[in-house]
Amino acid sequence: AIVAANKTRKDYIADHIASLSPKTVGIYRLTMKSNSDNFRQSSIQGIMKRLTRKGITVIIYEPTLKPGQKFFDYEVCGDFDEFKKRSDMIVANRMSRDLEDVKDGKTYGYRAGLALETQFYPDTPNKPQFPSSVFGPDRPYHTVTEYRFV
């Protein structure tokens with residue numbers, strides 16, 4: 001069920017991005033979390049593949065990779081200003097100060113529906129008034145994630 005939901009979510013996001021008719025989509029950072037260099041299992045890769053199959057050019061800005069290097073068959077753009085200029089739309093899995101100057105016109109990210117992993121209550125471990133996020137055999141986990149694009 002989880003795999004099917006993830007596939008459906010990636011299909012929907014790629015379809016939604018494609019419906020906006022960008023020629024080039026920039027992927028801002030492959031990592032899912034700040035200060036991480038682990039992007040091998042990043043969910044954005046599935047969206048990148050779907051966009052490419054739709055004929056959309058995908059470029060990447062990922063400072064942990066060398067400029068000019070390829071990530072699979074995708075170009076890695078090492079110059080951030082060039083990346084922003086070349087991208088008709090920028091997909092970001094988190095907002096960053098780096099994107100402030102393009103956030104209102106180019107970014108598809110924060111609060112735009114690109115939540116690729118669900119979370120429990122934010123900061124649950126530090127908020128005793130929130131329900132516990134610890135689950136086990138005697139405490140089954142059930143969640144519903146609803147996405148609305150307007």
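Residues numbered from 1 in each chain as written. Predicted model: local features only at pLDDT ≥ 70, side-chain atom pairs only at ≥ 80, totals over all residues. Heavy atoms only, no water.

Draft legend 1. Structural context of the confidence of the model for the protein chain. Of the residues in the protein chain, 58% have a pLDDT of 70 or more, and the chain-wide mean is 74. Across the protein chain, strand 2 (residues 57-61) holds the top mean pLDDT of 93, while strand 6 (residues 107-108) sits lowest at 53. Across residues 109-118 the pLDDT falls below 50, and counting only partners more than four positions away or on other chains, this stretch makes 27 contacts in the model. (pLDDT = per-residue confidence, 0-100. Helix = DSSP H or I, 4+ residues; strand = E, 2+ residues; numbered from the N terminus. Contact = heavy atoms within 4.5 Å.)

Draft legend 2. Layout of the pattern of salt bridges. Under the defined criterion, the tally for this structure stands at 6 salt bridges. Taking the shortest distance from any N to any O, the salt bridge between Glu 62 and Arg 29 comes out at 3.1 Å. Note that Glu 62 is positioned in the loop between strand 2 and strand 3 (70-71) and Arg 29 in the loop between strand 1 (24-28) and helix 2 (44-53), a separation of 33 residues in sequence. Note on accessibility: Glu 62 and Arg 29 belong to one class, buried. Salt-bridge contacts for Glu 82 lead to Arg 86; the nearest nitrogen and oxygen are separated by 3.2 Å. Pair noted here: Glu 82 and Arg 86 are both in helix 3 (residues 80-86), with a separation of 4 residues, about one helical turn. According to the relative accessible area criterion, Glu 82 is partly exposed, its value standing at 34%. What makes Arg 86 partly exposed here is its relative accessible area of 31%. Within the structure, one salt-bridge network assembled from shared partners comprises Glu 75, Glu 82 and Arg 86. (Salt bridge = Lys/Arg side-chain N within 4 Å of Asp/Glu carboxyl O. Buried < 20%, exposed > 50% of the residue type's maximum accessible area, 1.4 Å probe, protein only.)

Draft legend 3. Broad picture of the pairing of strand 1. Within strand 1, 5 of the 5 residues are buried, leaving the element largely enclosed by the surrounding structure. As judged from the 5 bridges shared by strand 1 and strand 2, these two strands associate in the parallel manner. The partner of Thr 24 across the bridge, within strand 2, is Thr 57. By the bridge criterion, 4 bridges tie strand 1 to strand 5 (residues 89-92) in an arrangement that is parallel. Note on strand 5: the bridge partner recorded for Tyr 28 is Ala 92. (Pairing = 2+ DSSP bridges.)

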